[in-house]
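Here is how the chains run, residue by residue.
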Amino acid sequence: MSIPTHTLNDGHTLPAIGFGTYPLKADEAVSTIVSAIENGYRLLDTAVNYGNEQEVGAAVRACGLPREELLVASKIPGRHHGYDDAIASVHGSLERLGLDYIDLHLVHWPNPRVGRYAEAWRALVDLQKEGLVRSIGVSNFTEAHLDRIIDESGVAPAVNQIELHPYFPQVDMRAVNTERGIQAESWSPLGKRQAPFGEPAVAAAAEAHGVTPGQVILRWQVQLGSIPIPKSATPERQRANLDVFGFELDDAEMAAITALGRADGRLFNGDPDTHEEM
Ligand SMILES: NC(=O)c1ccc[n+]([C@@H]2O[C@H](COP(=O)([O-])OP(=O)(O)OC[C@H]3O[C@@H](n4cnc5c(N)ncnc54)[C@H](OP(=O)(O)O)[C@@H]3O)[C@@H](O)[C@H]2O)c1
């Protein structure tokens with residue numbers, strides 16, 4: 001199955017869907033990630049705070065594909081936001097992954113009360129110049145956070161990974177990213193614990209296209225232009241979640257799913273202005 005790609009503002013490309021690795025750990029993580037790669041995923045999403053970079057690196061080596069066919073993304077945690085700490089953090093990630101470059105590295109959360117995310121961003125800008133990270137980006141950044149780092153560094157992130165699912169469709173943040181040439185990625189793309197599989201808008205589209213509710217939601221993500229990174233430990237679901245390029249939702253189906261957005265739709269840890277990921 002061939003997966004379409006998005007070209008980023010730095011010229012690199014990402015597949016239109018990736019694989020989330022949280023909270024996979026230990027041997028189960030390695031076998032699950034190898035299974036995901038065998039099922040066709042090429043973009044693997046990890047983070048220092050997931051405690052599984054070693055497992056992701058082991059899976060990259062175990063899967064039998066050349067390194068350059070895979071894209072590994074990791075993230076700098078809040079406790080590493082000082083410039084030197086951020087540089088050391090990425091070196092630590094490279095070591096744990098056992099790789100000599102990382103394809104995409106993000107500032108995991110802005111942690112505005114700490115107030116040092118612009119330093120972490122400057123570190124990523126410098127690491128990219130050294131070639132240790134191919135693409136650089138952020139996660140959970142609001143418009144104000146984005147504009148501050150762009151103003152201070154002159155460099156726009158290639159990616160902003162944000163919470164995005166039918167109950168929290170991020171209409172405004174998707175526009176903010178697009179206006180700045182930033183590719184959106186969707187975390188918890190299925191909605192995690194509160195997946196809207198039973199919603200009539202989702203169920204009707206699943207019925208109409210002969211697919212599962214999960215496939216409808218991931219197709220909605222793809223058509224929004226955001227890159228979903230679903231996690232599944234189940235090989236059948238891994239395959240199904242990737243098999244979303246053979247049908248198309250029409251405008252009414254897209255709008256009905258986006259209309260599931262609600263004021264309390266955000267997951268408990270999703271507010272970038274208050275949540276701190278240290
Ligand atoms: N940047 C951030 O701050 C941030 C925050 C949260 C997450 N993330 C990233 O985003 C990734 C995905 O988010 P997530 O794991 O929170 O949520 P998710 O991918 O929306 O949901 C994962 C859950 O859905 C189940 N599932 C997967 N496919 C399914 C299907 N087709 N039908 C029914 N259930 C299905 C999985 O169970 P099984 O495993 O049993 O299939 C798992 O319990 C994470 O792994 C992580 O890499 C980033």
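Before reading further, recall that the structure is shown in the block above.
In this report, we go over the structure that sits alongside the text. Going along each chain's sequence as written, the residues are numbered from 1 onward. pLDDT decides what is reported in this predicted model: residues at 70 or higher carry local features, side-chain atom pairs at 80 or more are listed and counted, and totals for whole chains, interfaces and linings draw on all residues regardless. Only hydrogens and water are set aside; all other atoms, that is, all heavy atoms of the structure, feed into the side-chain values.

## Notes on the packing of aromatic side chains
Point 1. For Phe, Tyr and Trp, rings pair up if their centres lie within 6.5 Å, where Trp contributes its six-membered ring, and each pair is then called stacked (planes under 30 degrees apart), edge-to-face (over 60) or tilted (otherwise). Under the defined criterion, the tally for this structure stands at four aromatic pairs.
Point 2. Criterion for a charge above a ring: Arg CZ or Lys NZ at most 6 Å from the ring centre, at most 35 degrees from the ring normal. The cationic tip of Arg 262 hangs over the ring face of Tyr 167; the distance from NZ or CZ to the ring centre is 4.1 Å.

## Quick look at the environment of Val 60
Point 1. Note that Val 60 resides in helix α2 (residues 53–62).
Point 2. Residues Val 60 and Leu 43, spaced 17 residues apart in sequence, show a C-alpha to C-alpha distance of 11 Å.
Point 3. Only heavy atoms matter for contacts: two residues are in contact if any of them lie within 4.5 Å across the pair. Those residues in contact with Val 60 that sit more than four places away from it in its chain are Leu 44, Leu 65, Arg 67, Leu 70, Val 72 and Leu 99. Counting from the N terminus, the helices are the DSSP runs of H or I reaching at least four residues and the strands are the DSSP runs of E reaching at least two.

## Examining helix α7 (residues 200–209)
Point 1. Relative accessible area decides the class of each residue, using a 1.4 Å probe on protein chains only: under 20% of the type maximum gives buried, over 50% gives exposed, and in between gives partly exposed. Taken as a whole, α7 has its buried residues at Ala 201, Val 202, Ala 205 and Ala 206. An end-on view of α7 places all buried positions within 130° of arc, on one side of the element. Turned more than 90 degrees away from the buried face of α7, the exposed residues are Pro 200, Glu 207 and Ala 208.
Point 2. On its buried face, α7 sits against α8 (213–224) and α10 (251–258).
Point 3. Backbone geometry just after α7 places Gly 210 at a positive phi near 65°. Our arc is simply the arc of the directions from the helix axis toward the C-beta atoms.

## What about the pairing of strand β5 (residues 71–76)?
Point 1. Across the six residues of β5, six count as buried, placing the element largely inside the fold.
Point 2. Once you follow strand β4 (residues 43–45) into α2 and on to β5, the crossover reads as right-handed. For crossovers, right-handed means that the path from the first strand over the helix to the second runs clockwise, given strands pointing away from the viewer.

## Some details on the site of the ligand
Point 1. Any residue with a heavy atom positioned within 4 Å of a molecule or strand is treated as near that molecule or strand. In the vicinity of the ligand, 26 residues are found, and the nearest of them are Asp 45, Ser 188, Lys 231, Ser 232 and Ala 233.
Point 2. A distance of 2.5 Å is found between an oxygen atom of the ligand and a side-chain nitrogen or oxygen belonging to Ser 232.
Point 3. Any N or O atom pair separated by 3.5 Å or less is treated as a polar contact, with the protein-specific requirement of one donor-capable and one acceptor-capable atom, and with residues adjacent in sequence counted only for side-chain atom pairs. One of the side-chain nitrogen or oxygen atoms of Asn 241 is found 2.9 Å away from a nitrogen atom of the ligand.
Point 4. Areas reported as accessible are Shrake-Rupley estimates using a 1.4 Å probe. Residue values count occlusion only from the protein chains shown. Here the ligand has 910 Å² of accessible area as a free molecule, and 85% of this is covered by the chains.
Point 5. Each residue is assigned to one class: nonpolar for Ala, Val, Leu, Ile, Met, Phe, Trp, Tyr, Cys and Pro, charged for Asp, Glu, Lys and Arg, and polar for all the others, Gly among them. Looking at the shell around the ligand residue by residue, the class counts come to ten nonpolar, eleven polar and five charged.

Just geometry here; none of it tells us what the structure is for.
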